[in-house]
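What the coordinates show
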Amino acid sequence: MRRSVHLLALLAPLCASAAGPLTFEKHVRPILKTHCFHCHGEDGETKGGLDVRLARFLLKGGKSGPAVLPGQTAASHLHEVLESGEMPKGKAKLKDEEIATIGQWIAEGAKTARPEPETLGPEHAFTDEERAWWSLQPIRRPKIPAGQVDNPIDAFVAEKLRANGLEFSPPAEAATLLRRLSFTLTGLPPSPEDMEAFAAEAVRDPEAALRRQAARLLALPTYGERWGRHWLDLAGYADSDGYTDKDLERKWAWKYRDYVVNALNKDKPFDDFVREQLAGDEMVPQPHKNLSPDAIEKIAATGFLRMAADGTGAMNDNAARNASIADTIKIIGSALYGLTLDCAQCHDHRYDPISQADYYRLRAVFEPGFDTQNWRTPAGRLVSLLTDNERAEAAKIEEDAKKVDAARLAKQEEFITEVLDKELAKAPEDHRDALRTAYRTEAKQRSAEQTALLKKFPRINQLSGGSLYLYDTTYKTKHADTLKKMAAEAADIRARKPAEEFLHAFTEIPRKPEAVPATFIFHRGDIEQPKSKVQPGDLTVLAGRRPIEIAEDDPALPTTGRRLAFARSLTDGKHPLLARVIVNQVWKRHFGRGLVNTPGDFGRLGEAPSHPELLDWLADEFMATGWSLKRLHLQILTSRTWQQSSLRDATRDRIDPDNRLLSRMNVQRLEAETLRDSFLAVSGRLNPLLGGPPVPVTYSEEGQIIIGIDTRDTAGRQTGKFVSLNGEEHRRSLYVQARRSMPLEMFAAFDAPAMTDANCASRPVTTVSPQSLLLMNNTTMREHAQDFAARVQTEAGSDPERQAERAWRLAYGRSPSLADLQEAARFITAQTEHYRSNPAKLEHVSGAPEKTDAPAELLGLAALCHALLSSNGFLYVD
């Protein structure tokens, strides 16, 4: 006990509350909820007869007597078992500060903030303190702080800076600003020519110049590709099903990816964007046939609900079905709520006011579309885009092809009869009739004697349309070729059929209300233990401020309409979470970290907002101005806050080392896809083609995952064959096939999510040695450097200084210093001499190797280009 009292004395000052003594509701209950409710109160479980959900229950105690004796910390059984580590049983001991908080609360008299209820019904599931959590409060437009600023963002930021003895950093120079602007909006570097034009315009009117450049970049299709990638992270986009080792391909997931890109390029209002992804299929008439362009767009949007891993194409069992549903709810939670809803799947959320019933109420919104009892595998959920007219046209074409097939089969039978007669003539006369009868009898109808007889005459036994060419030269050159031509003719006819494409979509099968599947709470999350039935609805902690019930059925729709009602509720402009979550995600992409730096967790385990009033102002402004992402971008990008220099100084580092107060810009590393796209852009190889099926990935002969067509044999062995992608390999990384089990080496090294988890609300930014090794030694990197060098030779000629100047401007958006220029020129010359003495061939990731040595001048310049592409100046944006 001596250690307990000593620890309490040491930590008590840390637990003291400026508002008065500690209370059960605010200080103690959250600790007990996290560690103890599961066994002592939740779901009727009271081990040892102890319920810890109310202070008076602790005073009453259990089989061991009272758990708490007010004013007597050392004598209280609760404190004793926590301090000794005896409880929670089988789990880690509570943190010292948590034990100290409970100890101080007991010492102060075990007080409550208010009288406790007589019974704990659903209405008492959450305390007033939990209901008051910041992210669950209505979004209200705060007053803009006073000050001489044009942009409200700067007013909020400046107020905090002044309060902490800081001020804005100077604006970044023009070259830095345009590079920053180009990467943040398009994910691609600006051209040297754009840099020159912007620099000249910025001298006259920097604000107008930046606004014009931002508008220009926002109008480019590359904007939708850049920001589509951000949303696809949140959606958990993948071109494969995951879950099992087979990781089956999703051949039509790209339709959802293209929907996202197109919607963002059009600046589709974000509330529409969300509604369509949650319930686009319920916005268009049933049945889903002969779809209009608008209907196709809306149904394609529901691919959002089909991005979670789904192993039922390979293993269609109850566990796989429910795992897919659970991942979908997890995606909805982090992408739209900014909450870890999935933590309430097995029990009430340990930290946030989300009950287990809430989790299944949300699941009930989507249950009719999932329907585990009548589950549709991924292939069964595809929506065909073939119209009735196209289907009729295809049927007519098939009739024509079948006529050719029939003629070919008749001709084939004629040839078979001809060959059979010749082969029978070679057999003993007394066997011929029996052989003919045996051959003409269907295989499964043959007697044992017939089968045995045919085995004695293998040339007759093996005779078929496919083996005719083996019998003699005449049939090989004449008859077999005739059949091939007829088969090719039929194939050519079938090729004229309208191509059938599909949408990877989430739909609900219309049915009577009584046939809609019910949703049950699974006891402790066990899918084999359904308990009480729940109705669809939103989080109960929001009740009292807004409606949370969702109607079970909408009689105006052929489907239940639950998802449409939910989507409308979520986007009604009064929900406390959605707009906050979205503007925070946008802020994070522009600044490298969010106003809330845990964008997928606005709960207790997440970080509090650094500028809560600014977050709410942005959320309210976003909704009030039509949910326009492009307008939100301009609001942020035209702020002094975003345009600051990223240079550090001792004062800022001392007062605000993490730059949470935003007195400078954050330096940001390029993401994996942006890095690869930039390599392609500066080398002049980037293919700007938009949309369409993904560019395939495969294994190289060395076992690395590369872009290419799989030419392995059925046993998975390399064949050495190469099939050209005709420039597809140089498309943006957004279009590279996202196989969960096969991420490109560069993507894996630079922290791109492989979606082995449900989704990615925030990418990690690691700095590890494999990144440097990849940049130095990877064959793909050397190929990029060679392509970069070839472009520089074309544009700058053969003079080393002119080459260095051009390479510098392409890579960094600025000219080199005189010292850098001279050193780079000497390096090119030295490397060129090296390759004259040590010839080498060009590098290729795939395809036939070069037969002749590469020009020494190209390889010498490529060495410099490789160094530039691998440098921090290229990898990071100031």
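Rules behind the numbers
Residues numbered from 1 in each chain as written. Predicted model: local features only at pLDDT ≥ 70, side-chain atom pairs only at ≥ 80, totals over all residues. Heavy atoms only, no water. Axes fitted to C-alpha atoms, helices over the stretch in contact; angles between N-to-C directions. Helix = DSSP H or I, 4+ residues; strand = E, 2+ residues; numbered from the N terminus. Parallel < 35°, antiparallel > 145°, perpendicular 65-115°, else oblique. Contact = heavy atoms within 4.5 Å. Nonpolar A, V, L, I, M, F, W, Y, C, P; charged D, E, K, R; others polar. Phe/Tyr/Trp six-rings, centres within 6.5 Å; stacked < 30°, edge-to-face > 60°. Buried < 20%, exposed > 50% of the residue type's maximum accessible area, 1.4 Å probe, protein only. Lys NZ or Arg CZ within 6 Å of the ring centre and 35° of its normal. Salt bridge = Lys/Arg side-chain N within 4 Å of Asp/Glu carboxyl O. Core = buried A, V, L, I, M, F, W, Y, C linked by side-chain atoms within 4.5 Å.

Description of the packing of helix α23 (residues 578-591) against helix α24 (residues 612-624)
Packed helices, taken two at a time, are described by the angle their axes make and the gap between the axes. Packing of α23 against α24 leaves a shortest axis separation of 9 Å and a crossing angle of 105 degrees. Classified by the angle their axes make, α23 and α24 are roughly perpendicular. Contact with α23, carried on its side by A579, R580, I582, V583, N584 and W587, involves L614, L615, D616, L618, A619, F622 and M623 of α24 and no other residues of that element. Among the residues making up the contact of α23 with α24, the classes are represented as 10 nonpolar, one polar and two charged.

Considerations on the packing of aromatic side chains
Inspection of every chain in the model, using the stated rule, returns 21 aromatic pairs. For the pair W252 and W254, a centre-to-centre distance of 6.0 Å together with 35 degrees between the ring planes defines the contact as tilted. Both residues of the pair, W252 and W254, belong to the buried class. One aromatic cluster in this structure is built from W231, Y256, Y259, F270, F273, F304, F622 and W627. The cationic tip of R381 hangs over the ring face of W375; the distance from NZ or CZ to the ring centre is 4.7 Å. Positioned over the ring face of Y735 is R731, at 4.2 Å from the centre of the ring.

Here we look at the environment of Q72
As for its placement among the helices and strands, Q72 is situated in the loop between α3 (55-60) and α4 (77-84). Each C-alpha atom of the pair Q72 and P189 lies 67 Å from the other, and the pair is 117 residues apart in sequence.

Section: the pattern of salt bridges
Enumeration according to the criterion identifies 72 salt bridges in this entry. Among the ionic pairs, D247 bridges to R739, the shortest N-O distance being 3.8 Å. Taken together, the positions of D247 in the loop between α11 (221-235) and α12 (254-265) and R739 in the loop between β7 (705-707) and α29 (745-749) put the pair 492 residues apart, joining distant regions of the chain. Take D247: its relative accessible area is 2%, and that puts it in the buried class. With a shortest N-O distance of 2.8 Å, D649 and R652 are connected by a salt bridge.

Looking at helix α28 (residues 672-682)
Counting buried positions along α28 gives 10 out of 11 residues, so the element sits mostly inside the fold. For α28, every residue scored as buried is listed here: A672, E673, T674, L675, R676, D677, S678, F679, L680 and V682. Within two residues after α28, G684 carries a phi angle of roughly 80 degrees, on the positive side.

Quick notes on the nonpolar core
Soluble, globular proteins show a tendency: their nonpolar side chains are buried together. Within the largest apolar cluster, 121 residues are counted, with the highest numbers of intra-cluster contacts made by W231, Y256, L278, F304, L336 and Y337. Not counting residues up to four positions away in its chain, the partners in contact with Y337 are I332, L362, D538, L539, F566, L570, H575, L577 and V581. Ranked by size, the runner-up nonpolar core spans 46 residues in total, among them V695, M746, F750 and A862.

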